[in-house]
Amino acid sequence: MRTNVFFSIAKKEIMDNIRNKWIIIVSVMFALLTLVVSYFGSIFSHGWQDLGGTIAAMMTFVEYLIPIIALMLGYATIIGEIERGSMSSLLSLSVTRFEITLGKYLGLAAVLAFTILVGFGVAGLVIAANVTNVNYIEYLIFIGATIIYGLIFLSISLFFSTLFKKRSSAIGGAVLIWFSFLFIIPIVFTGVLVASIGLDKLMVGSVPNWYYGLELFNPVSVYSYVISLNVVPLNQIAQQNSTVTITYPSFISNWLLLLILIIWITAFFFLAYWRFNKKDI
Amino acid sequence: MVTQFVKCPTCKTTITISGEPGEKIFLTCPQCNQKGAFTIPEEKSAKTIGTNSATIEVNGLTKSYNHFKAVNNVSFTVNKGEIFGFLGPNGAGKTTTIKSMLDLIHANTGTIKINGIDVRLHGKEAKKYVGYMPEKVAFYDNLTALQNLRFYAEIKHAPTEECIHLIEEFGLGDTGKKRVGKFSKGMIQRLGMARAIIGNPPILILDEPSGGLDPRGVILIRDKILEMKKKGTTIFVSSHILSEIQEICDRVGIINKGVLVAQDTVAELRKKLNLKPQIIVTLDRMTSTIENEVKKLPGVETVKIQGNTLEILCDGAMKAKVIVAISSAGGNIVNIQTKEPSLEEVFMRYTEA
């Protein structure tokens, strides 16, 4: 049987990232981050934290870091190839622009998923060998959700790589995207919340349900909800000598969150294809 | 000489054989020692190739950028098995036309058919027949020559073994593990030509294939073009350097400022423009009798005298008569040179107008 052309294209993307050592560098970075946070990250204890504790301690890092990695990986995938000139040869072959878009996305997605899996996975195994309480399932959910989170930003970066005429503008676009989702949108949402219910009510801890709904529009919050819902130390707040479990509005479920994440991925993938299809090479 | 790849029926190893078309070759599989015979298929004879069946048809192609018409209502056809030269100065619209032919650029109006298949509507199907070498040849810099070619061969569904032969053939056999990013411009250009002919496409589209090549590279590419023509490949080649094109092209199209100003055989274009060959005759001694005798001849356009040298512009058929006339007028000929009008002149006339 003949292999599908998008598999060939995906394979080439993977080979490219093996040859430029991207896979090794980023995997090692993820592993080191996890190990360092796990060993030195807790202010309450010395030595290794368990997997749940490690996740809780490095959530913020991961939230910020994964989009950067994904945007770096994908921002130039189409425009870079157009600018370099190799796109004309690729497109002169018997392939459709959809196959190229899909092939590139699949290849980069495999690279990203592999680095997250190996980087966090190896670190997870090291930690598991050093602690007594090993909660594998939670850690696997964390890895899976992180991969999906990365795929969203990869999809957005794929779109950005078709949006601009130059590689240098595309990198600007990628920085803007990162800044928007991690800073601007959260600040705007918080602003809306404070403006509508007032700071005094907020101080006593009552966050209205609609705010949770609003946050679903930001994939960064959606990702953190997934982790909070499924990883134990994150959905509990220490209060004096007991812990209280945070409750979310009933409409927030794993299925809804997963659906939202998948919608982000597919929407930007098809936007990328639509733009690329119209482009003169 | 034809090279073929055959798969051993028992162990599926690919074996490379070469021989003349129609020749029966007996071989033994190096893997499993299975013996067998293989007959190299006859090349398609000229009879089976209809000379009138166009393989590339461009009809009313127009592409504008804002208000600038880069290509304006261009129509031409390229027939099966011919080499069609596409000439024009830089910025005339050559690359825009070529890119539109492959739907890399979406034309505003016009249709392009490759082997009768509309490129806009059925691009994937139409492009199966094409090998393309872009003006700006580029590869994946992180990969080696072989890794690059294998990638294209895989998409073209061509045997990947072919890539090793092509790399050897284009003098890149010793590059081994070297990244293409470290190649010289000439090496990239040669690899670009190798990439275009992967899978033996029936149509080759070459955009300025000898740009940036040293003279040896230019000859290598030209010989490859002629070799492909012998196999019956239809070749469309663009250039702004005319001398190398006029020797190999059956027909040429001349484009200037987005408009196709001429489309004909090289000989026809010369005839239409009434370009005449020039004879330069050097004598040991010049006399006015000789000058007058030559000037009297019908078909002689101009006669220029410089010392002992006569520069005569005349009809092609008159060349021998001019020499006889000089001789019978008492001229003692030391040297004769003839200069055929080059396509350069044809080109200049069309593009200056």
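Residues numbered from 1 in each chain as written. Chains lettered and ligands numbered in written order. Predicted model: local features only at pLDDT ≥ 70, side-chain atom pairs only at ≥ 80, totals over all residues.

Our focus in this paragraph is the sheet that holds strand β12 (residues 234-239) of chain B. Residue and element names in this part refer to chain B. Spatial ordering of the open sheet is given by β10-β11-β12-β7-β13-β14, a layout of six strands whose pairing is mixed. In the strand order of this sheet, the two ends are held by β10 (130-133) and β14 (259-265), each with one partner. Each adjacent strand pair in this sheet contributes to an overall mean axis angle of 15°, direction not counted. Both strand β7 (residues 83-87) and β12 contribute to a ladder of five bridges, which runs parallel. Following the sheet pairing, Phe-84 is matched in β12 by Phe-236. Sitting on the sheet, helix α1 (residues 94-101) touches β7, β11 (203-207), β12 and β13 (251-256), and the angle it makes with β11 is about 150°. Lying on the sheet, helix α6 (residues 215-230) is in contact with β7, β11 and β12; it crosses β12 at an angle near 155°. (Pairing = 2+ DSSP bridges. Helix = DSSP H or I, 4+ residues; strand = E, 2+ residues; numbered from the N terminus. Axes fitted to C-alpha atoms, helices over the stretch in contact; angles between N-to-C directions. Contact = placed C-beta atoms within 7 Å.)

All names here are of chain A. Take Gly-41: it is sitting in the loop between α2 (22-40) and α3 (51-74). With 17 C-beta atoms packed within 10 Å, Gly-41 lands in the partly exposed category. Between the C-alpha atom of Gly-41 and that of Phe-270, which follows or precedes it by 229 residues, the distance is 40 Å. Here Gly-41 is in contact with Gln-49, Ala-57 and Met-58, once residues within four sequence places are set aside. (Buried ≥ 20, exposed ≤ 12 C-beta atoms within 10 Å, placed from the backbone.)

All names here are of chain A. Where α3 contacts helix α8 (residues 167-197), the axes come no closer than 10 Å and their chain directions differ by 160°. The pairing of α3 with α8 is recorded here as roughly antiparallel in orientation. For the crossing formed where α3 meets α8, the hand is right-handed. The segment α3 lies against α8, with Tyr-64, Pro-67, Ile-68 and Leu-71 engaging Ala-174, Ile-177, Trp-178, Phe-181 and Leu-182. (Parallel < 35°, antiparallel > 145°, perpendicular 65-115°, else oblique. Left-handed = near helix turned anticlockwise from the far one by under 90°.)

The subject of this paragraph is the domain arrangement of chain B. All names here are of chain B. Segmentation of chain B into domains returns domain 1 (2-39), domain 2 (54-270) and domain 3 (274-352). On the domain 2 side, the residues contacting the four residues of domain 1 number four residues. Elements that contribute at least two residues to the side of domain 1 that touches domain 2 include exactly β1 (2-7) and β2 (14-19). (Domains from an automatic or database assignment.)

What follows is about α2 of chain A. All names here are of chain A. Here α2 is 19 residues long and its end C-alpha atoms lie 27 Å apart, about the 27 Å a rise of 1.5 Å per residue gives. Among all positions of α2, only Val-26, Ser-27, Phe-30, Ala-31, Thr-34, Val-37 and Ser-38 are buried. Take α2 and look down its axis: the buried residues cluster within an arc of 135°, on one side only. Counted as exposed and oriented over 90 degrees from the buried face of α2: Ile-25, Leu-32 and Phe-40. (Expected span 1.5 Å × (residues − 1). Arc of directions from axis to C-beta.)

Here we take up the pairing of strand β4 (residues 35-39) of chain B. In terms of burial, β4 of chain B is a largely surface element, zero of the five residues being buried. Hairpin connection from strand β3 (residues 24-28) of chain B to β4 of chain B: six residues lie between these consecutive antiparallel strands, with Asn-33 of chain B at a positive phi of about 60°.

Below, the discussion takes up the interface of chain A and chain B. Taken residue by residue, the interface counts 22 residues in chain A and 26 residues in chain B. At the level of elements, α1 (5-19) and α5 (86-92) of chain A are the ones that each hand at least two residues to the side of chain A that touches chain B. Take the side of chain A that touches chain B: its biggest share by element is six residues, from α1 of chain A. Counted by class, the side of chain A that touches chain B contains six nonpolar, ten polar and six charged residues. (Nonpolar A, V, L, I, M, F, W, Y, C, P; charged D, E, K, R; others polar.)

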